[in-house]
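# Coordinate inspection notes
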Amino acid sequence: MLNNLIDATTEFNANGVYNIDMQGWDYAVVNIITPAAAVSFNATNDANSKTGIGDGNARTAINWQPVSLTNIATGTGVTSTAVTGNFKLNVGARFLQLSGTTAVKVLINLSQIQ
């Protein structure tokens, strides 16, 4: 299994949003620690690319829609959280967005089953 741990705390707290390209990953576990308010989970496949120019990326992506992540502790699907927890996403869309507030820590562990 291949893993990549991303500490998104600084960018998330500075911008109130963090977008990530999930292409090539099988699932992600998002660890939100002590959020100041609700953090929303959104996804899109729309990279806002320009035909013949480029493929787009997580920063240019548009048309975000709520996506359900599974709270690992409870097994419940959620589209946002205002509490500390680990939330798993089985990748279905190309991009994942966390938005809405600040948090003590925001970690994203990407995994690829080989």
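To be clear, the structure that these remarks concern was listed above.
Residues numbered from 1 in each chain as written. Predicted model: local features only at pLDDT ≥ 70, side-chain atom pairs only at ≥ 80, totals over all residues. Heavy atoms only, no water.

### Re the sheet that holds strand β3 (residues 27-35)
Going by this rule: Two strands pair under a simple rule: DSSP has to find at least two bridges between them. Under the scheme used here, helices are H or I runs from DSSP no shorter than 4 residues and strands are E runs no shorter than 2 residues, and both carry numbers assigned from the N terminus.
Here six strands make up an open sheet; going across it, the order is β1-β11-β3-β9-β6-β7 and the pairing antiparallel. Only two strands of the sheet have a single partner each, and these edge strands are β1 (2-7) and β7 (77-78). Relative to strand β11 (residues 103-112), β1 runs antiparallel, the two sharing six bridges. Paired with N3 across the bridge in β11 is S111.

### Here we look at the pattern of salt bridges
Quick reminder of the rule: In what follows, salt bridge is the name for a side-chain nitrogen of Lys or Arg lying within 4 Å of a carboxyl oxygen of Asp or Glu. Exposure categories follow from relative accessible area, calculated using a 1.4 Å probe and restricted to protein chains: below 20% of the type maximum is buried, above 50% is exposed, and the middle band is partly exposed.
Evaluated as defined, the whole model comprises three salt bridges. K105 is the salt-bridge partner of D7, the closest N and O atoms lying 3.0 Å from each other. Linking D7 in strand β1 with K105 in strand β11, this pair joins segments that are 98 residues apart in sequence. Classification of K105 by relative accessible area gives partly exposed; the value is 32%. Among the salt bridges present, the one from D21 reaches R94, with a minimum N-O distance of 3.1 Å. Note that D21 is positioned in strand β2 (residues 17-21) and R94 in the loop between β9 (85-90) and β10 (95-99), a separation of 73 residues in sequence.

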